[in-house]
Every structure is written in C-alpha cells, then in structure tokens.
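Chain by chain, the residues:
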Amino acid sequence: MFGFEGWQIYGITPIFQESFCIFTQMETKVYYVIGVMSGTSLDGIDLAYVQLIKSENWDYRFLKTQTLPYSETWKEKLREAPLFSSEKLMELNTEYTGLLAEMISDFIEKNDIETLDAVCSHGHTVFHQPEKGVTLQIGNLPSLTENLQQTVICDFRKQDVEMGGQGAPLVPIGDKLLFPKYDFCLNLGGFANLSTEKNGKRIAYDICAVNTVLNFYAKKLGFEYDENGELAASGKIDHQLLKHLNDLSFYKKKAPKSLGIEWVKAEIFPLFEKSNLSETTILATFTEHVAQQIAQSIGNAPNKKCLCTGGGIYNKFLMESVQKYTETRLVIPDKDLVEFKEALIFGLLGILKLRNEINVLQSVTGAKNDHSSGVVWRV
C-alpha cells in the first residue's frame, strides 16, 4: 500500500491515477484497529493490526498480522459445538471468549501496540441458519472488553438475521469501499463467496463449500489439508457424483443466499457416503465441482478482473481448474491481503459502526434495509 505517514502530517491524501498524481486538500481521519477473524475451516484465529484512512475514500495499511493456530483440543471442541446442549454451549462461549482475549492480549504485547481505537471481532460461527432466524458466533461476550481493557465491536451477524437478512456475507461493504477497481472479489475459505456490483448495487452470496469439504477428506488420508491440490490432482473425476453435486437445489436459488456447516453435513457428505468412492476420487470430483460453480458465478469476460483471497488460493490445482473455465483474470494479491482480508474488513465494519455509518447492505443480505450492525462494548 501507499506510504501515508508523511502525507498525514499535512492532511494531504495522495490519489494515484495512471502515471501522475493529483493532490487534494481535505480532512483525513486515521483509525488504528485490530481485526479478528475465525473461519469455518478452523485454520486458526487471524489477527490484523491495520491503519484505516478515511479522506474522500477509504484506504488501509497492514501494520502487523498473525494467524494463531488452534490446538487439536480446540479444533475438536469447535467441530462438536453444534451438538452441545445450551448449558454446555454457554460454557464454551465463556471459555472461547477467554481464549480470544488471551490471544489478542499476547498479540498486542508482542507487537508493542500502543495506539488502538478498537478491537473488531467476528467471533467463531457455531450455528448459521438464517432461514430459521438463527445465528450464533461465540467469543462476543462483554468479558472480552473487560479482559482487554479496549473498546470491542463484535457480534455483527445477529442484527441482520433479526432484520430478515442472511447475516452473511458481511465482507462486501469492504469490497465496495476498499477494492472498487475489481469487477469481482472472490474469497476461498471454508466456503467460496463472491461480491460484485450489479445495476448500481453491491450483491454478494456464498457460492459453494470449499475447504470445509476438502480439508475433511484430506484428513481421512492423514493430511491437514490438500497441499497444492495434489491429492485431488491424483484422483479421477466421477461424473455421476459431479452431476449430483451440481444439481443441488442451493445453486438454483437467487442471491442473497448463504451457507453454513449444517448444509455441508446435510447435503454434501451424504452424497459422498452413498457413493462409496475413494477419498482421492471425492477430492478430484469436488474440486471440479467447486471450479465449475465459481467460474459460472464470475462469468467469462477477458476484460474483467477478479480479486482472489483466502487460504483456498494456495490450492494450485483448484485455481488452475477455475481458470480453465473462465477468461476473467484471476488476480492474487500480496500475502497479507490473501490471508487477512477478512480480518481487515471486520476492522472496517467496526469503525463504520463507531461512526454510526452503514456497514451491512440490504442488497447483499436481504435484510429490510441497510443498517449499522454490531455490538459495541466499551471499557
């Protein structure tokens, strides 16, 4: 990103256009936040200390980033959490909030962070069934503020679901404000989701499952994940299974729409269990399925660009499979943006909430209206 420090002294924001610069004199507001994200693929907790700059438009700089992996004990707890009783879930929520506080505190201390306006945390999703009006992200208790002695903005999904929305995806407001030069923003994590402008409105939706499935079957073969997609590449595509996957009713729904792990367990895994195919065949077939669904969503336009982020972009075989079906240019940015884009944008969501500005779009989630979502816990 641009070196903003010197310009801020004079309240001047550089705007780069082609090969020359235009300088505008206007008030610039700078915020320092830690964005915190935990995804369904259970890779760990992403922490991004970022500078958010608001002048005419929004911009950002990554200052410090780190992913703290979950222990095997915590991975198992989070996998089993949807089956917990209400009482056990409350205990887990308290315990997980304590874990977050400990990890964030260590991150602040390790990086000598002194200037901090807020910690903006997604929490970890246990339930997400918006059609039933249910969503739960643990780790959003007020004890997080008490332990950190910092302002915390969190629990961003609940209000949207209460307003009739999908509660997801929430990242598209960040795509709109921070990455307007891209025609599409694609994130490949536990699920693939896409964000774009259509008829002057931002639309976004979950496309399909990705690492929630691929990691599960890689583990059956003794691996944490399918590195570079090599396991999938070694298998053969089963075209009957591929047809069953592509025919799932979710893909016929119009946006807004979102997915949760419950859908994977109810719709995807039973197909695989019934097929009695080998793990490598399942990985090969599902990778092909993901590639086809993504390519169908972004279309085939050689003059358009798609920003690709999330851990799934390291799956070389998957990315090559997607590119095989589309001439839309797949752009992979620097490592920080690949791995910490969601943490960055949850930082932005929190600051928009503090500014009492819209951070969730009705056109994306299907809620009654645009709104400013999240809970603010102050010291």
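All of the points below concern the structure found in this document. (Residues numbered from 1 in each chain as written. Predicted model: local features only at pLDDT ≥ 70, side-chain atom pairs only at ≥ 80, totals over all residues. Heavy atoms only, no water.)

## A few points about the packing of helix α2 (residues 72-80) against helix α3 (residues 86-110)
Where α2 contacts α3, the two axes come as close as 12 Å, and the packing angle between them is 140°. As far as their axial angle goes, α3 and α2 are oblique. The two elements α2 and α3 cross, and the hand of that crossing is left-handed. Only L92, E95, Y96 and L99 of α3 make contact with α2, whose side of the interface consists of W74, K77 and L78. Split into classes, the residues belonging to the contact of α2 with α3 amount to five nonpolar, no polar and two charged. (Axes fitted to C-alpha atoms, helices over the stretch in contact; angles between N-to-C directions. Helix = DSSP H or I, 4+ residues; strand = E, 2+ residues; numbered from the N terminus. Parallel < 35°, antiparallel > 145°, perpendicular 65-115°, else oblique. Left-handed = near helix turned anticlockwise from the far one by under 90°. Contact = heavy atoms within 4.5 Å. Nonpolar A, V, L, I, M, F, W, Y, C, P; charged D, E, K, R; others polar.)

## Side note on the packing of aromatic side chains
Tallied over the entire structure, the rule returns 15 aromatic pairs. Aromatic side chains F156 and F346 sit 5.6 Å apart centroid to centroid with 55° between the ring planes, which places their arrangement in the tilted category. Taken together, the residues F156 in the loop between β9 (152-154) and α5 (157-162) and F346 in helix α13 (residues 335-354) connect sequence positions 190 residues apart. Summarising the burial analysis for this pair, F156 and F346 share the class buried. Relative to Y251, the ring of F250 lies with its centre 5.9 Å away and its plane at 80°, an arrangement referred to as edge-to-face. Residue F250 shares its accessibility class with Y251, and that shared class is buried. Between the NZ or CZ atom of K257 and the centre of the ring of F250, over which it lies, the distance is 4.5 Å. A cation over a ring is seen here: K305 above Y182, with NZ or CZ 5.2 Å from the ring centre. (Phe/Tyr/Trp six-rings, centres within 6.5 Å; stacked < 30°, edge-to-face > 60°. Buried < 20%, exposed > 50% of the residue type's maximum accessible area, 1.4 Å probe, protein only. Lys NZ or Arg CZ within 6 Å of the ring centre and 35° of its normal.)

## Things to note about the packing of helix α11 (residues 279-298) against helix α12 (residues 316-324)
At a closest axis distance of 8 Å, the pairing of α11 and α12 adopts a crossing angle of 45°. What the angle tells us is that α11 and α12 run oblique. Pair α11 / α12 crosses with right-handed handedness. Here T287, E288, V290, A291, I294 and A295 of α11 lie close against α12, whose contacting residues are F317, L318, S321, V322 and K324. Classifying every residue of the contact of α11 with α12 gives seven nonpolar, two polar and two charged.

## Observations regarding the sheet that holds β9
Strands sit in the order β5-β4-β3-β6-β9-β15 across an open sheet of six strands; the sheet is mixed. In this open sheet, the two strands that pair with only one neighbour each are β5 (58-68) and β15 (375-377). Adjacent strand axes in the sheet meet at a mean angle of 20° when their direction is disregarded. In this structure, strand β3 (residues 29-38) lies alongside strand β6 (residues 118-121), joined through four bridges in parallel fashion. Residue V33 lies in a different strand from β6, and its bridge partner there is A118. Strands β3, β4 (45-54), β5 and β6 of the sheet are contacted by α3, whose axis makes an angle of about 60° with β4. The strands touched by α13 within the sheet are β3, β4, β5, β6, β9 and β15, with β5 carrying the most contacts at an inclination of about 120°. (Pairing = 2+ DSSP bridges.)

## With respect to the environment of Y96
Inspection of the secondary structure puts Y96 in helix α3. Taking the relative accessible area as the measure of exposure, Y96 reaches 0% and is therefore buried. The spacing of Y96 and A266 is 170 residues in sequence and 26 Å in space, taken between C-alpha atoms. Apart from residues no more than four positions distant in its own chain, Y96 is found in contact with S38, I45, Y70, W74, L78, H124, I138 and G139.

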